[in-house]
Amino acid sequence: MRRAEDLLPASLLNRASLRGREYAWPVDAIPDVIEAGRRAGLLNVGGQLQFRLPNGTCECWWVEVNAIATTPSRLSWQQ
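Below, the structure is looked at part by part. (Residues numbered from 1 in each chain as written. Predicted model: local features only at pLDDT ≥ 70, side-chain atom pairs only at ≥ 80, totals over all residues. Heavy atoms only, no water.)

So, on to a nonpolar patch on the surface. Together, Leu49, Phe51 and Leu53 make up a nonpolar patch on the protein surface, roughly 250 Å² of accessible area in all. Mapped onto the secondary structure, Leu49 falls in strand 3 (residues 46-53). (Patch = residues over 30% accessible without salt bridge, like charges linked within 9 Å, V, L, I, M, F, W, Y side chains within 5 Å. Areas by Shrake-Rupley, 256 points an atom, 1.4 Å probe, with all protein chains shown as cover. Salt bridge = Lys/Arg side-chain N within 4 Å of Asp/Glu carboxyl O. Helix = DSSP H or I, 4+ residues; strand = E, 2+ residues; numbered from the N terminus.)

The subject of this paragraph is the environment of Trp25. Residue placement: Trp25 occurs in the loop between strand 2 (22-24) and helix 2 (30-39). Along the chain, Trp25 and Asn14 lie eleven residues apart, while their C-alpha atoms are 9.5 Å from each other. Filtering out sequence-adjacent residues up to four positions away, Trp25 remains in contact with Leu8, Leu12, Leu13, Arg15, Ala16, Ile30 and Val33. At 2.9 Å, the side chain of Trp25 forms a polar contact with the backbone oxygen of Leu12. (Contact = heavy atoms within 4.5 Å. Polar contact = N/O pair within 3.5 Å; in protein donor to acceptor, adjacent residues only side chain to side chain.)

Glancing now at the environment of Leu8. Along the chain, the position of Leu8 falls in the segment before helix 1 (10-13). Spatially, the C-alpha atom of Leu8 lies 8.2 Å from that of Val33, the residues being 25 residues apart in sequence. When residues no more than four places from it in sequence are discounted, the contact partners of Leu8 are Leu13, Trp25, Ala36, Gly37 and Leu42.

When we look at a pair of aromatic rings, we describe it by the centre distance and by the angle of the planes. Considering all chains together, one arrives at one aromatic pair under this definition. Both rings, one in Tyr23 and one in Trp25, keep their centres 5.8 Å apart while their planes meet at 20°; by these two values the pair is stacked. By relative accessible area, Tyr23 is classed as partly exposed at 23%. (Phe/Tyr/Trp six-rings, centres within 6.5 Å; stacked < 30°, edge-to-face > 60°. Buried < 20%, exposed > 50% of the residue type's maximum accessible area, 1.4 Å probe, protein only.)

In structure tokens:
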């Protein structure tokens, strides 16, 4: 099975920070990430604001987007 990141351009992945199996992009790159995912046929279900520091990651759990929480289950993939 292909990983979603295999469908994204290398130039975009190079702008990301990778920790474990999780990519994070700076805020100004988010529109490019969303557009690249759309072109690849991927679904963006949201994300969470993080601060990536040299000694760890701080997640701002109160600042997140979760599209699945408000999407009716009857919708097709294309919708």
